[in-house]
Amino acid sequence: MFSNPHILVCTDFSERSDAALIVADRLAKKTNGIVHLLHVAVFEFYLKWTDPSHVTEEVSKNFYEFVHVDLLTRMRMQKNRCKSDCKCIVTFNSSAIKAINKIVDELGIKLILLGDR
C-alpha cells in the first residue's frame with residue numbers, strides 16, 4: 001500500500017460522488033493521505049438559463065462569483081464529513097477531462113475516485 005497519497009475525488013454533489021468521497025476519506029485516513037475534492041463547473045452550462053443578449057461582462061463576473069461561492073459552500077458541507085485532510089477545489093472549464101488532467105499534473109494525484117454517473 002502506498003503512503004501519503006494525494007487522492008482526487010470528483011464531485012457532482014450526487015449520492016454516488018458522496019460514496020466515492022467516503023471511500024477516499026477512509027483510504028486517506030489509513031494511509032495518511034490528502035483528499036482533494038474537485039468540482040469542474042462548465043460555465044456555459046450555468047449561462048444557458050440566461051438571455052445571452054443581456055449577459056454583460058459585469059453580469060458574467062457577478063454570476064461567476066455567485067456560482068463559485070455556492071459551489072464552495074456545497075463542497076464544504078461534503079468536506080465537513082471527512083475525517084482526513086480534505087481540500088476543496090472549484091474550477092471553471094469547458095472540459096471536465098482537461099480540468100481533471102491539469103489538477104492531476106499540478107498536485108501529483110496518485111488515485112482518482114469517481115461516482116458512476
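Every chain's residues receive numbers from 1 upward, in the order its sequence appears when written. Restriction of local features to residues with pLDDT of at least 70 applies here, the model being predicted, together with a cutoff of 80 or more for giving and counting side-chain atom pairs; totals for whole chains, interfaces and linings are based on all residues. To get the side-chain values, take all heavy atoms of the structure and skip hydrogens and water.

### Considerations on the sheet that holds strand S3 (residues 85-92)
Next up, step 1: A pair of strands counts as paired when DSSP detects no fewer than two bridges linking them. Helix numbering and strand numbering both begin at the N terminus, where a helix is a DSSP run of H or I of at least 4 residues and a strand a DSSP run of E of at least 2. Read across the sheet, four strands follow the order S3-S2-S1-S4 without closing on themselves; strand pairing throughout is parallel. Across the chains shown, the open sheet's two edge strands, defined by having one partner strand only, are S3 and strand S4 (111-113). If you compare each strand with its neighbour and ignore which way they point, the axes differ by 25° on average.
Next up, step 2: Note that strand S2 (residues 34-41) and S3 share eight bridges and pair parallel. Residue pairing in the sheet places Ile34 in a bridge with Asp85 of S3.
Next up, step 3: In this description, contact between two residues means that some pair of their heavy atoms is separated by no more than 4.5 Å. All axes here are fitted lines through C-alpha atoms, helices being fitted over the stretch that makes contact, and every angle between N-to-C directions spans 0 to 180 degrees. Against the sheet, helix H3 (residues 57-79) touches S2 and S3, its axis set at about 155° to S3.
Next up, step 4: Strands strand S1 (6-10), S2, S3 and S4 of the sheet are contacted by helix H4 (residues 96-107), whose axis makes an angle of about 150° with S2.

### A short note on H4
Next up, step 1: With 12 residues, H4 ought to run about 16 Å at 1.5 Å a step, and its terminal C-alpha atoms sit 16 Å apart, in line with that.
Next up, step 2: Where H4 is buried, its residues touch S1, S2, S3 and S4.
Next up, step 3: Two residues or fewer past H4, Gly108 is found with a positive phi of approximately 65°. In this analysis, the expected span of each helix is defined as 1.5 Å times one less than the number of residues it contains.

Function-wise, these values are silent; they only describe arrangement.
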